[in-house]
Amino acid sequence: MFVKICGMNSAEAIEAAVGAGVDALGFVFAESPRQVTPEQAKALCANVPSHITRIAVMRHPHKEHWERVIEIFEPNWLQTDAEDFRWIKLPATCTALPVYRDSNAPADSDLPDRLLFEGTHSGSGRVADWDEASGLARVTEVILAGGLTVDNVEDAVRFVRPWGVDVSSGVERARGEKDPDKIKEFVARVRAIEV
């Protein structure tokens, strides 16, 4: 199970996530209490092992903004709303991770090979529509986000059967401030699930 911790903005949180064995770290460049600059994200990743995927998280970014993020931060993936990829041209070194939200997923024939599915508002802690996510997970690789916590991730994985999970507010001690213990517990819970 692919595990991503999103909204990384402190060395303490990154150390906890890397130590817990995450697959990916998400850095938010959109307006948010977790927002970082490309320079901050690059500095935070200085000691992150190369096998951990670095994801730039944006939402309807201006061309100059995402180009700056790509140039300075050099993410492995760019996560933004699916429609943004109609005009964003990524370098070969960066993979697109399109975001779909409740009730806006396309027909099966138009689905990408991998997508992130979440509730209507990113980072709000609102639980995504697991029924819709489950349908998508039958036909493509789904990273389930939206309202996941230590308490509900096992139920979410068993119900949706996603390719991966993504958590942000569910592992925080205060809004925008990650809790290293919650990060470790979340990853441990996911790793213990047998689907």
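See the structure above.
Presented here is a report on the structure given in the accompanying data block. Within each chain, residue numbers correspond to sequence positions counted from 1 in written order. Since the coordinates come from a predicted model, pLDDT governs what is reported: local features require at least 70, and pairs of side-chain atoms require 80 or more to be given and counted, while whole-chain, interface and lining totals use all residues. Hydrogens and water are ignored here; the side-chain numbers use all heavy atoms of the structure.

**Section: the overall build of the chain**
Helix and strand labels come from DSSP, where a helix needs a run of H or I of at least four residues and a strand needs a run of E of at least two; each type is numbered from the N terminus. Regarding its fold elements, the chain presents six helices and 10 strands. Relative to the globule expectation of 16 Å for 195 residues, the C-alpha radius of gyration of the chain, 15 Å, shows essentially globular dimensions. Each of the three principal axes of the chain carries a C-alpha extent, and together these read 40 × 40 × 30 Å. A simple rule labels every residue: compare its accessible area, found with a 1.4 Å probe on the protein chains alone, to the largest value its type can have, and call it buried under 20%, exposed over 50%, or partly exposed in between. Counting the 195 residues in the chain, one finds 51% classified as buried. A separation threshold of at least 6 residues defines the contact pool for the chain, and within that pool the share at least 24 residues apart is 52%. The atom set for the radius of gyration is the C-alpha atoms, and the globule formula is 2.2 Å times the number of residues raised to the power 0.38. Throughout, a contact is declared for two residues whenever any of their heavy atoms are within 4.5 Å.

**What to know about the sheet that holds strand β4 (residues 77-81)**
Any two strands between which DSSP finds at least two bridges are classified as paired. Reading around the barrel, the eight strands line up as β1-β2-β3-β4-β5-β6-β7-β8 and close back on themselves, with parallel pairing between neighbours. Strand-to-strand twist across the sheet, computed as the mean angle between neighbouring axes with direction ignored, equals 25 degrees. Where strand β5 (residues 95-101) and strand β6 (residues 114-118) come together, three bridges link them in parallel fashion. Looking at the pairing, Val-99 lines up with Leu-116 of β6. Every angle, taken between N-to-C directions, lies between 0 and 180 degrees, and every axis is a line fitted to C-alpha atoms, over only the stretch in contact when it is a helix.

**Brief notes about unusual backbone geometry**
A positive phi angle is found at His-60, which is not glycine, with a value near 50 degrees. Among the structural elements, His-60 can be located in the loop between β3 (53-57) and α3 (63-73). Of note in the backbone geometry, Arg-161 takes a positive phi value of approximately 55 degrees without being a glycine. Position of Arg-161 among the secondary structure elements: in the loop between α5 (153-160) and β8 (164-167). Relative accessible area serves as the criterion here: at 52%, Arg-161 is assigned to the exposed category.

**Considering the pairing of β3**
Burial within β3 is extensive, with five of its five residues counted as buried. Residue alternation in β3 divides its side chains into two sets, Thr-53, Ile-55 and Val-57 and Arg-54 and Ala-56, and both sets are buried. By the bridge criterion, five bridges tie strand β2 (residues 24-28) to β3 in an arrangement that is parallel. Each bridged residue has a counterpart across the sheet, and for Phe-27 the counterpart in β3 is Ala-56.

**A few points about the nonpolar core**
In this description, a nonpolar core means a group of buried Ala, Val, Leu, Ile, Met, Phe, Trp, Tyr and Cys residues linked to one another through side-chain atoms lying within 4.5 Å. Formed by 53 residues in total, the largest nonpolar core has its most connected members in Ile-5, Leu-25, Phe-27, Phe-29, Phe-117, Leu-144 and Phe-186. Excluding its chain neighbours within four sequence positions, the residues that come into contact with Phe-27 are Met-8, Ile-14, Val-36, Ala-41, Leu-44, Cys-45, Ile-55, Ala-56, Val-57 and Phe-73. Grouped together as the second largest cluster of nonpolar side chains are 13 residues, Val-57, Val-99, Leu-116 and Ile-143 included.

**Considering the environment of Pro-162**
Topologically, Pro-162 is positioned in the loop between α5 and β8. The sequence separation of Pro-162 and Phe-117 amounts to 45 residues, and the corresponding C-alpha distance is 9.8 Å. Setting aside anything within four residues of it in sequence, one finds Pro-162 in contact with Met-1, Ala-137, Val-142, Leu-144, Ala-156 and Val-157.

**Thoughts on the packing of aromatic side chains**
Aromatic rings considered in pairs are described by the distance between their centres and by the relative angle of their planes. Centres within 6.5 Å make a pair out of two Phe, Tyr or Trp rings, where for Trp the six-membered ring is used; the pair is then stacked when the planes are under 30 degrees apart, edge-to-face when over 60, and tilted otherwise. Here the structure, examined in full by the defined rule, presents six aromatic pairs. Between Phe-2 and Trp-163, the ring centres sit 4.7 Å apart and the planes meet at 20 degrees, which makes this aromatic pair stacked. Of the two residues, Phe-2 is situated in strand β1 (residues 2-5) and Trp-163 in the loop between α5 and β8; the sequence distance between them amounts to 161 residues. For Phe-2, a relative accessible area of 10% puts it in the buried group. For the pair Trp-66 and Trp-87, a centre-to-centre distance of 6.4 Å together with 55 degrees between the ring planes defines the contact as tilted. One end of the pair, Trp-66, is in helix α3; the other, Trp-87, is in the loop between β4 and β5, with 21 residues separating them in the sequence.

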